[in-house]
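The primary structure of each chain is shown beneath.
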Amino acid sequence: MNNGDGFVKVAKVADLTPEKAIAVRVENRSVALFNHEGRFYATDNQCPHMGYPLIRGRVRKGVLQCDWHGWSYAMDGGGCFTGGCDDLDTFPVRVQDGEIYIKVEGATSKRTDSHYLLLKEALLSRDNWILSKAIAIMLSQGVSEEETLNRLVEHMSKHLASDHDANGGFRLNQFLNGIAISRRLDQDDRLIPLMIAGTAASGRAGDRVPPEPLPGSVDFDRIASWVRMFSQDRNWEGIEKCLVTARQAGADSRAIISLLYDCILEPNFLMFGQNLVHIGNIAELVETFGFDLAAPLVCNLGAKIAGRGRGTPQGTTRDSIEYVTELRRKIQELSDEPSSHSEQYDESSLVEGLASGDLRQTFDSVTHAFESGAHVSQILDSMIMLSGDRMARTPASFSPGWFNISNEMQMAAAARRALKYGSYRNAVDATYFTSWHYFENRWLNIRARPLSRDVGRPSKHSDETTARGEIVDLIESIQVGEIAQATRSYLASGFDAGALMSELAMVILKHDSGSNLLGTLRTVYDEFERCSAHPARNQLLVGLARFATDVRRSNDNDLATRTARRFAARETAVDMF
Amino acid sequence: MSSDWVKGIDCGTLQNGEAQTVEMPGGRTVAVFYWDGKYFATDNQCPHMGFPLARGTIKNGVLTCDWHGRAFDLETGGCFHSQCDNVRVFPVKVEDDSVWIQYSSDRPQRTQAQLRLLWEGLLGDDRWTISKALAILLEQGTDEQEVVDLILTHMGRHIASSHGPEGGEDVSRLVNGIHVGRRYSGEDRLISITTAARSAAGEAHERNDIVPMPPPYDWDQIATWVKEFSRDRQGHRIERCLFTAHSQGDTDKIIPLLYDCATQPYFVGFSQNLISLAYLAELVSVFGWENSSELVFWLGANLVGQGRSEPERFRRDAISHMSALSIAESEKPNARLDESALVQALVGVDVVASFDAVHEALNEGNGIDRIATTMVLLAADRMARSPVAVDAGWENLTTELNLASAIRTAREHGGSDAGACALFHTAYQVFSDRWINIPYRDLGEPLASMDPPAEDEDSAMALIMKSINTLDVEGVGPQVQGYLQAGFDGNRLLDELGRAILGDDSGQIVLPTLRTVFEEWDNCNSGQVELGADHPARFQLIVGLARYAADLRSNTDDSSAAFAATRFAEGKTTVEMFE
């Protein structure tokens, strides 16, 4: 069939009547042959937009229009009229002795050049399909993941700068969590978390005049004092200008990030614990992508977070802020990093304090822990384990508080990052901020108990693959009542926790609720690994599995009526469960 | 730049954080501050809105203006806000118990900073920031091209990211604002250019990159497709075609191609298309392609590819009749236009007869410009005579005038076929305005003789301006006619009228018409008969403009409506009402 010059016989001229098209298979791809206005054309048969067979399209005046969404292409050359990212591959045709020959071999795909156009279109349009297609094509054609992600960061910086306030931090959070999770998965499973990360980075990118640094040379200490002042005055534009100036003057990212931590750990920001997560993410972005690429986002989003407006605190919030302000000097004294982990540290009394529902007792239990010589990371371990335990035990009823508990956990993880990217003092402050969330969640009906190993019965299955399959089935069929026991038994049997973790990740990511669970998933991944010695660590997986199962059901109406009936019977919320 | 040490204030007179102003040679004031044991001097005028900075407060070395809270680094003058320039600071020394300021009255040129501020103002659609930046740029003699380049680039992006074909109206204000601005200086020029710049204001977003179509490239193929997509209302497919032609060096063929599409019979009734296209063509010819290409490709594609509904009865007749005619210019040297027959057909109520008359005028060898002149002056005459009532039809009449004038641009930039077709589009506009109650008048007849409002030119002009300011629409027409018939200077009057129009909030609406009248009045004084030289109806250009400008200010919709309603209740038809 092959003539030696790459042309392959694909059909007889007689097979293709005028203005008709047929599909032929060459080199394992489907090629469309057209007989149009006395000429033969060969193009890829897959519409570059969504894959519809183009032989079913309409041809007029050399323009081929796909029947599905109307995308249209020049028959000669394959140019797509609606944009440059969907050009169609075309192949040379030769007619000889009543036979049609085409040359597919060696044809380079137009897609190779249009990756970035496609990615840009996806990012601007925020269209999941185009985004997945772009990322899938890039990865399958050997564009480095790093290069792809760099483009996402650039776009996200512009999008957040023009279209978001401080809450743009949640987009950054989803972006980084998506990437972190993708890195833990096999190549084939990465597309979903990367697509979720890409979605977080996408949206329109408005033109913006980039802020100019201040004139003259201003030293960093002055800049820092102004940033703190503007943070109190809620003038984020001023902060951005200062950060841009500092960056231009050569300040390193660590100095800028510590400064941002200093601002957001002022007691007035106590109820904006999310700031802690956001600044941690900004630091992680710099670490992952380098300061040069991250700088515009660091200066802009960092400024919006540190300079955000805040309402006048009321009630217990005001009391909490006053108490933390009062504790400041004490905290200062506790802020020397101990050289080792303390043996004197009493985890149970900390847990009791955090779950006490009493403002002073909550903060005091943290202070006692520090006073006993505990290192901040010991305290944060306990907090995370406490949240995992709460997640594993909260009654799955009308309002289990999944997102509140998950928030505590992520806040504690963010306090760890304050230690990594800021200072020990920042982490100590952050620990108090985090503890406030346990107080804030005092309405949850979970009795406090020491964080010991919660041993389950060994699994009834003898091999772990079957046991894992059962867990996945329970999640997918929304068996909230049984999922905890199954997960606990799996772990009690000594089956592979890492394999279960990956399985959980995939079952979570494939569901539409996946983006909401991303932060929890990522924290559980990290913390399960980090707290390998803690007796309560299995509760992290149990909690995650329960959370993932329960958010799939939408039976709020049913739960509301059932709860209402018990309410009418004069039960308190605690009696009910 | 010369700078001298000027003695400011005595040491010890200021407490920490206090300020005192000092007048400098030349009259500007400088604010001297005492803060943290040191003296600082800044310009006293806040760069945001001019509040005296000496009244501001200092905290942590940051000076904050009391009015809108703009904050500055006391030492370097750096501003911490967007849409506000840095404040100028001056070196200070203490000598002989006095504070000395090193002052120079020459302000440093900050062209780039002002252009940035202009861009910020455009993005934020902030009139004050735009006017201020433009005023400073004009004052320091920045090249107009530099300013326009920035505005154009922004406008292309703005319109492409947030407008459809109606973006043509913004282009109209831009082109006309710049054009009219060139006739003025100082504040009048600033108003005009600010109007132009504001037309481009608004947010702008990144768009998908446009890349040329893959080879093979063939201009004829591109042109066929563009025409096809225009006919099929597939404007979104046109932009890439135009971009491809541009990248292959066929840029010069793009405007004629767009004209080819826009003058097709099926666009009869889409007058704004030809007007907008004329502005695009002008933009490119005056400012070049570099900064206008995005705007032209995007808006051009949207204009000629826009959706059209099924034509109703009259438009259907017009389209089919125009399609049946063979339309071309065949200029003959001795042709004489039977203007009264043409005008009679144009204002008749038969679109077929109207088109035939235009066709015949062409076939008799009259040039496009000559026929366009009749249409321009017909529109002007109608503006000069339209009854001022509940709906005087100004929007329609000015469309007739601006469209008639755009015929010349169509011919110049689109070729003679485009110009010839544009005549029919204009004829259709006049036909569709047949509901406006203006009886036929022979344009060749001399105008009735009017007395000038005063014996001397200055007083006469003052009275005309008074009529405009007091919204005397009925009075201003005869006054202008008398003024011109007395042989007083029409250019002077037109300049003054333009000034009044620009200063009024309605100026943005009148701007395109003002510009057309400026241009057509020049044509009437060009000595070229085919452009209107010595035409008996030429005064109607200024009379019509004056009436339009006066009426648009009056905002008397309520009272006109009540007047019309009363007479309606008396059983009068709309024609009788105003007789």
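Coordinates for the structure precede this section.
This section reports on the structure supplied with the text. Fair warning: this is a prediction, and the values are worked out from it, not measured in the lab.

**Observations regarding the overall build of chain B**
Phase 1 of the analysis: Helix and strand counts for chain B come out as 23 helices and 10 strands.
Phase 2 of the analysis: In terms of overall dimensions, chain B has a C-alpha envelope of 90 × 70 × 50 Å along the principal axes.
Phase 3 of the analysis: Looking at chain B residue by residue over its 579 residues, the buried ones come to 49%.
Phase 4 of the analysis: Intrachain contacts of chain B at a sequence separation of at least 6 include 69% that bridge at least 24 residues.

**With respect to the overall build of chain A**
Phase 1 of the analysis: A count of helices and strands for chain A gives 23 helices and 10 strands.
Phase 2 of the analysis: By principal-axis analysis of the C-alpha atoms, chain A measures approximately 95 × 75 × 50 Å.
Phase 3 of the analysis: Within chain A, contacts between residues at least 6 apart in sequence are counted, and of these 69% link residues at least 24 apart.

**Looking at the environment of F495(A)**
Phase 1 of the analysis: Looking at where F495(A) falls in the secondary structure, it is placed in the loop between α18 (480-492) and α19 (497-510).
Phase 2 of the analysis: Sequence separation between F495(A) and L419(A) is 76 residues, and the spatial gap between their C-alpha atoms is 33 Å.

**A word on the nonpolar core**
Phase 1 of the analysis: Core analysis: the largest hydrophobic core is formed by 172 residues, its most contacted members being I151(B), L423(B), I542(B), A546(B) and A549(B).
Phase 2 of the analysis: Broken down by element, the residue count for this core peaks at 11 residues, all from helix α14 (residues 368-385) of chain B.
Phase 3 of the analysis: Every residue in contact with A546(B), bar those within four places of it in the chain, is listed here: I464(B), I468(B), V476(B), G477(B), V480(B) and L497(B).
Phase 4 of the analysis: Of all hydrophobic cores here, the second largest spans 169 residues; its members include A414(A), V542(A), F72(B) and V87(B).

**Quick look at the interface of chain A and chain B**
Phase 1 of the analysis: With 37 residues of chain A at the interface, the matching set in chain B holds 37 residues.
Phase 2 of the analysis: Sorting the residues of the side of chain A that touches chain B by element identifies β7 (72-74), α1 (111-125), α6 (220-233) and α7 (236-248) of chain A as the ones contributing at least two each.
Phase 3 of the analysis: Here the residues of the side of chain A that touches chain B are counted per class, giving 12 nonpolar, 13 polar and 12 charged.

**Digging into the sheet that holds strand β8 (residues 89-90) of chain B**
Residue and element names in this part refer to chain B.
Phase 1 of the analysis: Strand order in the open sheet made by the 4 strands is β2-β3-β4-β8, with antiparallel pairing throughout. The sheet is open, and its two borders are formed by β2 (19-23) and β8, each paired with just one other strand.
Phase 2 of the analysis: Where β2 lies against strand β3 (residues 29-35), 5 bridges are found, and the strand directions are antiparallel. The partner of V22 across the bridge, within β3, is V30.

**Side note on the pairing of strand β4 (residues 38-43) of chain B**
All names here are of chain B.
Phase 1 of the analysis: As judged from the 6 bridges shared by β3 and β4, these two strands associate in the antiparallel manner. Opposite V30, over in β4, you have D43 as the bridge partner.
Phase 2 of the analysis: In this structure, the hairpin formed by β3 and β4 is closed by a connection of 2 residues, where D36 is found at a positive phi of approximately 55 degrees.

**Looking at unusual backbone geometry**
Phase 1 of the analysis: Here the amide bond leading from P215(B) into P216(B) is cis, since omega sits at 0 degrees, within 30 degrees of zero.
Phase 2 of the analysis: Structurally, the position occupied by P216(B) is in the loop between α5 (186-199) and α6 (219-231).
Phase 3 of the analysis: Of note, N28(A) is a non-glycine position whose phi angle comes to about 65 degrees, a positive value.
Phase 4 of the analysis: By secondary structure assignment, the location of N28(A) is in the loop between β2 (21-26) and β3 (29-36).

**Quick word on helix α18 (residues 473-485) of chain B**
Residues and elements named next belong to chain B.
Phase 1 of the analysis: In this model, α18 (13 residues) spans 19 Å end to end at C-alpha, consistent with the 18 Å of a helix rising 1.5 Å per residue.
Phase 2 of the analysis: Every buried residue of α18 is accounted for by V473, V476, G477, Q479, V480, Q481, G482, Y483 and L484.
Phase 3 of the analysis: At the C-terminal side of α18, G487 shows a positive phi close to 85 degrees.

**Quick notes on the environment of S348(A)**
Residues and elements named next belong to chain A.
Phase 1 of the analysis: Locating S348 in the fold gives a position in helix α12 (residues 347-354).
Phase 2 of the analysis: The exposure class of S348 is partly exposed, given the 13 C-beta atoms found within 10 Å.
Phase 3 of the analysis: Taking the C-alpha atoms as reference, S348 lies 41 Å from S225; in sequence the two are 123 residues apart.

**Side note on the packing of helix α17 (residues 464-476) of chain A against α18(A)**
Residue and element names in this part refer to chain A.
Phase 1 of the analysis: For the pair α17 and α18, interaxial distance at closest approach is 10 Å and the crossing angle is 160 degrees. With respect to α18, the axis of α17 lies roughly antiparallel. The chirality of how α17 crosses α18 is left-handed. Every residue of α18 that contacts α17 at A467, R468, E470, I471, L474 and I475 is listed here: E482, I483, A486, T487 and Y490.
Phase 2 of the analysis: By residue class, the composition of the contact of α17 with α18 is 7 nonpolar, 1 polar and 3 charged.

**Focus: helix α11 (residues 315-333) of chain A**
Residues and elements named next belong to chain A.
Phase 1 of the analysis: For α11, spanning 19 residues, the distance from its first C-alpha to its last is 28 Å, which sits close to the expected 27 Å at 1.5 Å a residue.
Phase 2 of the analysis: Its axis deflected by about 45 degrees at L327, α11 carries its strongest bend there.
Phase 3 of the analysis: Every buried residue of α11 is accounted for by S320, V324 and I331.
Phase 4 of the analysis: Next to the buried residues of α11 lie α13 (359-371) and α16 (424-440).

**Topic: the pairing of β2(A)**
Residue and element names in this part refer to chain A.
Phase 1 of the analysis: Examined bridge by bridge, β2 and β3 share 6 bridges and lie antiparallel to one another. From the neighbouring strand, R25 faces β3, where its bridge partner is S30.
Phase 2 of the analysis: Joining the antiparallel neighbours β2 and β3 is a turn of 2 residues, in which E27 adopts a positive phi near 45 degrees.

**Topic: the sheet that holds strand β10 (residues 98-103) of chain B**
All names here are of chain B.
Phase 1 of the analysis: The antiparallel open sheet is built from 3 strands, whose spatial order is β1-β10-β9. Two strands bound the open sheet, and with one partner strand each, they are β1 (4-10) and β9 (92-95). With strand direction ignored, the average angle separating the axes of adjacent strands in the sheet is 35 degrees.
Phase 2 of the analysis: Pairing of β1 with β10, which is carried by 5 bridges, proceeds in the antiparallel orientation.

**Examining the environment of G514(A)**
All names here are of chain A.
Phase 1 of the analysis: For G514, the location among the structural elements is in helix α20 (residues 514-530).
Phase 2 of the analysis: Given 21 C-beta atoms within a 10 Å radius, G514 is considered buried.
Phase 3 of the analysis: Considered as a pair, G514 and G51 are 463 residues apart in the sequence and their alpha carbons are 27 Å apart.
Phase 4 of the analysis: Contacts of G514, omitting those with residues within four sequence positions, involve I196, I508 and L509.

How each quantity is defined
- Residues numbered from 1 in each chain as written.
- Chains lettered and ligands numbered in written order.
- Predicted model: local features only at pLDDT ≥ 70, side-chain atom pairs only at ≥ 80, totals over all residues.
- Helix = DSSP H or I, 4+ residues; strand = E, 2+ residues; numbered from the N terminus.
- Buried ≥ 20, exposed ≤ 12 C-beta atoms within 10 Å, placed from the backbone.
- Contact = placed C-beta atoms within 7 Å.
- Core = buried A, V, L, I, M, F, W, Y, C linked by C-beta atoms within 7 Å.
- Nonpolar A, V, L, I, M, F, W, Y, C, P; charged D, E, K, R; others polar.
- Pairing = 2+ DSSP bridges.
- Expected span 1.5 Å × (residues − 1).
- Axes fitted to C-alpha atoms, helices over the stretch in contact; angles between N-to-C directions.
- Parallel < 35°, antiparallel > 145°, perpendicular 65-115°, else oblique.
- Left-handed = near helix turned anticlockwise from the far one by under 90°.
- Bend = angle between axes of the 7 residues up to and from the residue.

Functional significance is not addressed by these values, which are geometric in nature.
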